[in-house]
Amino acid sequence: MMKSTFTRLSRQLTLFFRRPKVEKVVKVFSSIFKNAFFFLMMFLLYMPIIVIAIQSLNDSMNVNRFEGWTLRWYLEMFEDAELMVAISNTLVTAFLSTLIATVFGTMFAIGIHSLNKKARSRMVFLNQIPILNADVVTGLSLMLIFKVLMNVFPDIFVPFPANALFFRISVTVLLAHVYFSLPYVVLSVLPKLSEIDPNLYDAALDLGSKPFDAVMRVIVPAIKAGIFTGMLMAFTMSIDDFVITFFTSGGNFDNVSMFVYGKVGKLMTPSVYAYNTFLTLSVVVILVIAYVQSARKQKKLLLAHSTGK
Amino acid sequence: MNIKKLGRLSTPYLVWLSMLVLVPLLMMIVLSFFRTRGVSFVNAAFTLENWSTRLIDRSVQVALMNSFQFAGTTAVIVFLVGYPMAYILARSSFANKFVILVLTIIPMWSNSLLRNNALRNLFLSQNIVNDLLSPLGISFAWNLTGTKLAVIIGLVLTYLPFMVLPVYTVLEKMDKSLLEASMDLGANKIRTFFKVTFPLSFKGVLTGFIMVFLPSFSGFAVPYILGKGTFVVVGSIIETSYNYNINFVSTLSIVLVAIIFLLIFTVSKVDKEGESFL
């Protein structure tokens, strides 16, 4: 008895929603709801960035009070020695580690791709470990290794050059950053490698190229896109790192994240917000330029195809 | 084929990874059974206290509970919010999905500590946005800083893109004719979603879950910044005591590694081809 009423009701309900008018209304409302939800979430995602931007334009040292608009923090950034050191440390580490990780990551990816299936999947698995391992564990592991290496190189934790005005290089931090960005380069290059024809490399060798030239002229151009993605990821990971730098710096090398961490809840120069806003804006500008250029290229290609050239 | 000879290029990587992954892990295991001064084994004494009394200490238990609570809640909320976002994005008729996808990634280029610090400032009763909005008659004083809710909001906003991206990737790759087949066979939209779309996108969900759960479980910066340091988590014990008690810190790290390994092992059972990671 209960069951038949339930079936009848559910059938009526289904029929009600199948009516063209009802269907139309439901469609409109669900589309409004979907868009509203999506844009609300995007807004929440951007809320911290908007707050950082407002803080960078606020004419007061107190981040909790708004006292008028200013651009002075963007200039005073260069006068704050502690922040400048943190910024240059961050950028120099990011550039160097990205460069090293990109070169070696590409090389290792080519190597891994050329292994037999079993060895390859073992290497791919090993390659995931630095990505999936917890940052604290990675940081601690590297610190332990460096502490042991201190027996051989007593100054390993000391950044050099010792009396530099601005940036110094910390070998331990640099190695740590290379360690955690390498897997991202390998991961982005590997899929591109499986797209290329293995006979191309053979052809280059048959035509008299040395193996190194063949790799540089045949394989590398074909995997350019993957290398670029990997490079971008490596840079992103390095510039934003906190935990691993924290454990491997040995206490005398600050990057921007460590600068911020040391000043949470204390008075912090709003210039750091200016730096971050500037960085975010530059990324957006670079992306827009890249997008416009690739769109233009595609348009050209389409035109070339349609005119039969 | 000559290309096979290039395989030896990967040998240094094998050495590098084993040196930096396996050696420290072995060191931690050894260290966890001793009482030492730093990494030096002079006057080292064998002990089981790190694994017995220390690990069941009240403060450690609380930290583990807090970490699980933060990471679990975050992962669930991120899934509930991120999945629909990825779904809307993948099925949308927006003129350019790529642009919108990039928009979800851009926040990752902004320093994550600074973003959470901005949230901390925003969640104080006296904040800059309230100052800006109060002339318009809008009050924006939430006073959340120092609460668990604030920590979870911070974690959710930090790791949301980590769920949206992998789910979007699987949804985008999915064979659309399967959906048409399901509809042709009489399933309605809701049934099609639960019987076809969701099971096929499950790999992406698992990847996203791991990418969100692990860092929010082990991280200590977000709970410190948004919790005003009131909530002890596993990461913060490691952070505060690695300098004077490397032995217990090693024990905790092994516990973390075990949890991570268990999670990944479970996922690899579900996802045999291992293609869902990134």
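Thresholds, definitions, all that
- Residues numbered from 1 in each chain as written.
- Chains lettered and ligands numbered in written order.
- Predicted model: local features only at pLDDT ≥ 70, side-chain atom pairs only at ≥ 80, totals over all residues.
- Heavy atoms only, no water.
- Helix = DSSP H or I, 4+ residues; strand = E, 2+ residues; numbered from the N terminus.
- Rg over C-alpha atoms; globule rule 2.2 N^0.38 Å.
- Buried < 20%, exposed > 50% of the residue type's maximum accessible area, 1.4 Å probe, protein only.
- Contact = heavy atoms within 4.5 Å.
- Lys, Arg positive; Asp, Glu negative; His and termini not counted.
- Charge placed at Lys NZ, Arg CZ, Asp CG, Glu CD.
- Domains from an automatic or database assignment.
- Buried area = accessible area lost by both parts, 1.4 Å probe.
- Salt bridge = Lys/Arg side-chain N within 4 Å of Asp/Glu carboxyl O.
- Polar contact = N/O pair within 3.5 Å; in protein donor to acceptor, adjacent residues only side chain to side chain.
- Nonpolar A, V, L, I, M, F, W, Y, C, P; charged D, E, K, R; others polar.
- Core = buried A, V, L, I, M, F, W, Y, C linked by side-chain atoms within 4.5 Å.
- Arc of directions from axis to C-beta.
- Pairing = 2+ DSSP bridges.
- pLDDT = per-residue confidence, 0-100.

Trainee: Mind laying out the overall build of chain A, listing which residues take part and the relevant values?
Mentor: Scanning chain A from terminus to terminus reveals 13 helices and 0 strands. Secondary structure elements of chain A occur, N-terminal to C-terminal, as α-α-α-α-α-α-α-α-α-α-α-α-α. Against the compact-globule benchmark of 19 Å for 309 residues, chain A has a radius of gyration of 27 Å, which places it well outside the compact range. Projected onto the principal axes, the alpha-carbon positions of chain A cover approximately 85 × 70 × 55 Å. Across the 309 residues that make up chain A, the buried fraction comes to 45%. For chain A, restricting intrachain contacts to residue pairs at least 6 apart in sequence, the fraction spanning at least 24 positions comes to 67%. For chain A, the centre of its 28 positive side-chain charges and the centre of its 17 negative side-chain charges are spaced 19 Å apart.

Trainee: How would you summarise the domain arrangement of chain A if you had to cite specific residues and measurements?
Mentor: All names here are of chain A. Domain assignment breaks chain A into domain 1 (19–80) and domain 2 (81–268). The distance between the C-alpha centroids of domain 1 and domain 2 comes to 33 Å. Of the residues lining the interface, 5 residues belong to domain 1; the matching set on domain 2 comes to 7 residues. Roughly 520 Å² of surface becomes buried between domain 1 and domain 2 when both sides are summed, with 64% attributable to carbon and sulfur atoms. When the buried area of domain 1 at its contact with domain 2 is split by residue, M61, M77 and D80 rank highest and sum to 81% of it. Between domain 1 and domain 2 we count 0 salt bridges in total. The interface formed by domain 1 and domain 2 includes 4 residue pairs in polar contact (both at pLDDT 80 or more). Residues belonging to the side of domain 1 that touches domain 2 are distributed by class as follows: 3 nonpolar, no polar and 2 charged.

Trainee: Describe the nonpolar core, and please don't skip the residues or the numbers.
Mentor: By size, the foremost hydrophobic cluster in this structure holds 122 residues, and its most contacted members are V136, F242, F247 and V272 of chain A together with M85, F220 and I238 of chain B. Tallying contributions element by element places helix α2 (residues 58–91) of chain B first for this core, with 14 residues. Viewed by domain, this core spans two of them, domain 1 (19–80) and domain 2 (81–268) of chain A, each represented by three or more residues. Those residues in contact with I238 of chain B, other than ones at most four positions away along the chain, are V136, L140 and F247 of chain A together with V249, L252, S253 and L256 of chain B. Counting 40 residues, the second largest nonpolar core, distinct from the first, contains M123, A204 and I223 of chain A together with L17 of chain B.

Trainee: Can you lay out helix α8 (residues 198–206) of chain A for me, pointing to particular residues and giving the numbers?
Mentor: Residue and element names in this part refer to chain A. All buried positions along α8 are accounted for by Y201, D202 and A204. In a view along the axis of α8, the buried residues occupy a sector of 160 degrees, so they form one face of it. Residues of α8 that are buried in the fold lie against α9 (211–222). For α8, the N-terminal capping position is held by D197, with its side-chain oxygen 3.0 Å away from the main-chain nitrogen of N199. Count one or two residues on from α8 and you reach G208, which has phi positive near 100 degrees.

Trainee: Could you give an account of the pairing of strand β1 (residues 34–37) of chain B, with specific residues and numbers?
Mentor: Residue and element names in this part refer to chain B. Pairing of β1 with strand β2 (residues 40–46) involves 3 bridges; the strand directions are antiparallel. For R35, the partnering residue across the bridge sits in β2 and is A45. Hairpin connection, β1 to β2: the antiparallel pair is bridged by 2 residues, and G38 has positive phi, about 65 degrees.

Trainee: Requested: an account of the interface of chain A and chain B, with residues and values cited.
Mentor: The interface is formed by 90 residues belonging to chain A together with 82 residues belonging to chain B. The contact between chain A and chain B buries some 8200 Å² in all, and 78% of this surface belongs to carbon and sulfur atoms. For the pair chain A and chain B, the number of links is 0 salt bridges. Joining chain A to chain B, the criterion identifies 11 residue pairs in polar contact (both at pLDDT 80 or more). Among the elements that line the side of chain A that touches chain B, the one with the most residues is helix α2 (residues 20–56) of chain A, at 17 residues. For the side of chain A that touches chain B, a count of residues per class yields 67 nonpolar, 16 polar and 7 charged.

Trainee: Run through the confidence of the model for chain A, naming residues and quoting values.
Mentor: Put simply, chain A has an average pLDDT of 88, and 97% of its residues get 70 or more. In the model of chain A, helix α1 (residues 2–18) of chain A stands out as the element of lowest mean pLDDT, 80, in contrast to helix α7 (residues 171–193) of chain A, which has the highest, 94.

Trainee: Give a detailed account of the pattern of salt bridges, specifying residues and quantitative values.
Mentor: For the structure shown, the criterion picks out 6 salt bridges over all chains. Taking the shortest distance from any N to any O, the salt bridge between E82 of chain A and K263 of chain A comes out at 3.4 Å. Of this pair, E82 of chain A sits in helix α4 (residues 81–113) while K263 of chain A sits in the loop between α12 (256–262) and α13 (271–306), placing them 181 residues apart in sequence. Given a relative accessible area of 45%, E82 of chain A falls into the partly exposed group. Given the relative accessible area of 18%, K263 of chain A is considered buried. In this structure, the salt-bridge partner of R54 of chain B is E49 of chain B, at a minimum N-O distance of 3.5 Å. When its relative accessible area of 21% is taken as the criterion, E49 of chain B is described as partly exposed.

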